[in-house]
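Given next are the chains, with one letter for each unit.
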Amino acid sequence: MKKSQVTVGIIGFGTVGTGVARILLEKKDELKRRLGFPLVLSKIADIDIKKKRDIKLPKGILTNNANEILDDPEIDIVVELIGGVHPAKDFIIKAIKNGKHVVTANKALLATEGSNIFAIAKKNKIELGFEASVAGGIPIIKVVREALVGNRIKTVYGIINGTSNYILTKMTEEKVEFSQALKEAQALGYAEADPTFDVEGIDSAHKLAILASLSFGIPISFSKIYTEGITKITPLDIDFASELGYKIKLLAIAKQGNGEVELRVHPTMLPKEYLISNVDRVFNAVYIDADAVGASLYYGRGAGEMPTASAVMSDIADIARNITTGSVGRIQGIGMPEKPNVRIKHTDDIVSRYYFRFWAIDKPGVLSKIAGILGAHNISIESVIQKVRKKEKAVPLVMMTHEARERDVRAALKKIDKLPLVSGKATVIRVEAREE
Ligand code: NDP
Ligand code: HSE
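On a predicted model such as this, the values are computed, not experimentally measured, just so you know. (Residues numbered from 1 in each chain as written. Chains lettered and ligands numbered in written order. Predicted model: local features only at pLDDT ≥ 70, side-chain atom pairs only at ≥ 80, totals over all residues. Heavy atoms only, no water.)

## Let's talk about the overall build of the protein
At step 1: Within the protein one finds 14 helices and 18 strands.
At step 2: A globule of 436 residues ought to have a C-alpha radius of gyration of about 22 Å, and the protein, at 24 Å, matches this closely.
At step 3: Counting only C-alpha atoms and orienting by the principal axes, one finds that the protein spans roughly 80 × 45 × 35 Å.
At step 4: Counting only contacts in the protein whose residues sit at least 6 apart along the sequence, the fraction spanning at least 24 positions is 74%.
At step 5: Counting every atom, the protein has about 19,500 Å² of accessible surface; 52% of that belongs to carbon and sulfur. (Helix = DSSP H or I, 4+ residues; strand = E, 2+ residues; numbered from the N terminus. Rg over C-alpha atoms; globule rule 2.2 N^0.38 Å. Contact = heavy atoms within 4.5 Å. Areas by Shrake-Rupley, 256 points an atom, 1.4 Å probe, with all protein chains shown as cover.)

## Re the site of ligand 1
At step 1: Contacts to ligand 1 come from 21 residues, most closely from Thr15, Val16, Asp46, Glu192 and Gly304.
At step 2: The contact in question runs from an oxygen atom of ligand 1 to an N or O atom on the side chain of aspartate 46, over 2.6 Å.
At step 3: One of the backbone N or O atoms of glycine 189 is found 3.0 Å from a nitrogen atom in ligand 1.
At step 4: Relative to its free-state accessible area of 890 Å², ligand 1 is covered by the protein chains to the extent of 77%. (Near = heavy atom within 4 Å. Polar contact = N/O pair within 3.5 Å; in protein donor to acceptor, adjacent residues only side chain to side chain.)

## Description of the site of ligand 2
At step 1: By nearness alone, every residue bordering ligand 2 is listed as Lys107, Asn161, Gly162, Thr163, Tyr190, Ala191, Glu192, Asp198, Asp203, Lys207, Gly302 and Ala303.
At step 2: In the model, an oxygen atom of ligand 2 is placed 2.7 Å from a nitrogen or oxygen of the glycine 162 main chain.
At step 3: The separation between a nitrogen atom of ligand 2 and a polar side-chain atom of glutamate 192 is 2.7 Å.
At step 4: Starting from 260 Å² of accessible surface for ligand 2 in isolation, the protein chains cover 95%.

## Some remarks on the packing of helix α1 (residues 15–26) against helix α12 (residues 305–325)
At step 1: Running from amino to carboxyl end, α1 crosses α12 at an angle of 60°, the nearest separation of the two axes being 8 Å. Taken together, the axis directions place α1 and α12 in an arrangement best described as oblique. α12 is crossed by α1, and the crossing has right-handed handedness. Facing α1, whose interface residues are Thr15, Val16, Thr18, Gly19, Val20, Arg22, Ile23 and Leu24, α12 presents Glu305, Met306, Thr308, Ala309, Ser310, Val312, Met313 and Ile316.
At step 2: Of the residues that constitute the contact of α1 with α12, the class distribution is nine nonpolar, five polar and two charged. (Axes fitted to C-alpha atoms, helices over the stretch in contact; angles between N-to-C directions. Parallel < 35°, antiparallel > 145°, perpendicular 65-115°, else oblique. Left-handed = near helix turned anticlockwise from the far one by under 90°. Nonpolar A, V, L, I, M, F, W, Y, C, P; charged D, E, K, R; others polar.)

## Concerning the packing of aromatic side chains
The description of an aromatic ring pair uses the distance of the two centres, along with the angle that the planes make with each other.
At step 1: Across all of its chains, the model carries six aromatic pairs by this definition.
At step 2: Taken together, a centroid distance of 5.2 Å and an interplanar angle of 65° make the contact between phenylalanine 118 and phenylalanine 130 edge-to-face. Linking phenylalanine 118 in helix α5 (residues 107–123) with phenylalanine 130 in the loop between β6 (128–129) and α6 (140–147), this pair joins segments that are 12 residues apart in sequence.
At step 3: Note on phenylalanine 130: relative accessible area 1%, which makes it buried.
At step 4: Arranged with centres 4.9 Å apart and planes meeting at 10°, the rings of phenylalanine 283 and tyrosine 299 form a pair that is stacked. With phenylalanine 283 in strand β11 (residues 283–290) and tyrosine 299 in strand β12 (residues 294–301), the pair connects residues that are 16 residues apart, well separated along the chain.
At step 5: Note on phenylalanine 283: relative accessible area 15%, which makes it buried.
At step 6: Here the aromatic residues Tyr354, Phe356 and Phe358 are joined through ring pairs into a cluster of three or more. (Phe/Tyr/Trp six-rings, centres within 6.5 Å; stacked < 30°, edge-to-face > 60°. Buried < 20%, exposed > 50% of the residue type's maximum accessible area, 1.4 Å probe, protein only.)

## Brief notes about the nonpolar core
At step 1: Core analysis: the biggest nonpolar cluster contains 90 residues, and Ile140, Leu263, Met269, Ile276 and Ile288 have the highest contact counts within it.
At step 2: Top contributing element to this core by residue count: helix α10 (residues 202–216), with eight residues.
At step 3: Setting aside residues up to four positions removed in sequence, isoleucine 288 forms contacts with Ile140, Val144, Leu148, Ile153, Thr155, Val156, Gly294, Ala295, Ser296 and Tyr298.
At step 4: Ranked by size, the runner-up nonpolar core spans 32 residues in total, among them Leu35, Leu41, Ala317 and Ile319. (Core = buried A, V, L, I, M, F, W, Y, C linked by side-chain atoms within 4.5 Å.)

## A few points about the packing of helix α13 (residues 366–376) against helix α14 (residues 406–416)
At step 1: Running from amino to carboxyl end, α13 crosses α14 at an angle of 150°, the nearest separation of the two axes being 9 Å. The orientation of α13 with respect to α14, classified from their angle, is roughly antiparallel. Note on packing geometry: the crossing formed by α13 with α14 is right-handed. Across the interface between the two elements, Ile370, Ile373 and Leu374 of α13 pack against Ala412, Lys415 and Ile416 of α14.
At step 2: Tallied by class, the residues present in the contact of α13 with α14 amount to five nonpolar, no polar and one charged.

## Describing the domain arrangement of the protein
At step 1: Annotation of the protein at the domain level lists domain 1 (6–137 + 305–325), domain 2 (142–300) and domain 3 (349–431).
At step 2: For domain 1 and domain 3, the distance between their C-alpha centroids amounts to 51 Å. (Domains from an automatic or database assignment.)

## Thoughts on the sheet that holds strand β3 (residues 62–63)
At step 1: Taken in spatial order, the six strands line up as β3-β2-β1-β4-β5-β6 in an open sheet, and their pairing is parallel. The strands lining the two open edges of the sheet, one partner per strand, are β3 and β6.
At step 2: Strand direction decides the pairing type here: strand β4 (residues 77–80) and strand β5 (residues 101–104), joined by four bridges, are parallel. Across the sheet, glutamate 80 pairs through a bridge with threonine 104, a residue of β5.
At step 3: Lying on the sheet, helix α4 (residues 88–97) is in contact with β1 (6–11), β4, β5 and β6; it crosses β5 at an angle near 155°. (Pairing = 2+ DSSP bridges.)

## Let's talk about α10
At step 1: Between its terminal C-alpha atoms α10 stretches 21 Å, which fits the 21 Å expected from 15 residues at 1.5 Å a residue.
At step 2: With 14 of 15 residues buried, α10 lies mostly within the body of the structure.
At step 3: Remark: glycine 217 follows α10 within two positions and exhibits a positive phi of approximately 70°. (Expected span 1.5 Å × (residues − 1).)

## A word on the side chain of serine 221
At step 1: In this fold, serine 221 is placed in the loop between α10 and β8 (226–227).
At step 2: Of note is the side chain of serine 221, whose polar atom sits 2.7 Å from the backbone oxygen of proline 219.
At step 3: Discounting chain neighbours no more than four positions away, the residues touching serine 221 are Ala209, Leu263 and Ile344.

Shown next as structure tokens:
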């Protein structure tokens, strides 16, 4: 049934929920002008309705009972902004079964339960908007699902976690300690409720699972993504990277080729002159290489109240337009039927260039021993740095390699880590750069 106004309820009045309410209330007239019909925010639910928030609300709009939104026959769109799997999943399924369209920013939920939720939404002829689930304010879901519909995507990679990019930037530019930079990111509203999701690469993997599914039409494959975070990155590695002409970024990478898909998230050394290397602080960027358009790069704020609210608002407006024009279901789920049985490349088969840092005792022969083991595993060294000379003491020994296979790298490092002249385990950072 076509409607002349659309009514919205928000569950979760935290960082993003407040931003969405701010746009709906403060830009009410402007939105009506742009959409041609009113969008009415009728209820907001949160556990804590007493907390002071910097926003003026109409009387009686707040409730501490999400069911008042889920069961309200007047509400057309439920916006889930509480995060986490439970009870968010139950709220979304209840909303769908009650005939309400849903907007969510919850990548943790979609990456783990998305296929099921999309199927329930489809069965019930309900729209599910999730623009804010990947790359915050960058409208990347719309780009991949709609704008690039005439393309076959080959590669998509990006900086898609604002918190870890903020931390790495602060550590690189201002020599701020990891824990201090994380505290700042939390205070700015960038981090997840559990910030280990940000710094251990899990949040990036959640987003990559969604992005890869949209890009390649594969099932959401979060559990198959190789994931490594930024917690082991030290100022020493940041300095060595800089000396070698690189920056370290947490990169989420998806590539399609030879009938298989490669999915990985890890700290990555990128040449300083690449555009993406200069994406700093909370900014995100997504690079896409597709057959028709070629290479394209999308840049913007990846987290925070208003950038994320901007993405949520775009879903609310799209769904509201579909409701008022009777075109609900125009675009569904991941935008194409899922291709089953696509092989996800095993981590052992990944080919990359590598940065290794060893703590080696400065004695004659150590370099040739390490080089010998690498050579025996088909790993060819591109350059070596060993500056400090402290006889009989462990000093950092840095090596950059040409392209090598992950399986060979692991086998070689297992042997090198056991050498009596080497102390501790090697630090490994993959390098994403074209070979000269
Ligand atoms: P917040 O923690 O700031 O807000 C969540 C709010 O939901 C809190 O006020 C919380 O209350 C409330 N809440 C929790 N459980 C319930 C419940 N059962 N019923 C009603 N309210 C509840 O999170 P964010 O706003 O940062 O994030 C929301 C979602 O958006 C998450 O999925 C997140 O991953 C996603 N997101 C966040 C971005 C950001 O920059 N912050 C960017 C992109 C996506 P209490 O605090 O008392 O638990
Ligand atoms: N915690 C996430 C980040 C929020 O820092 O990118 C945006 O998804």
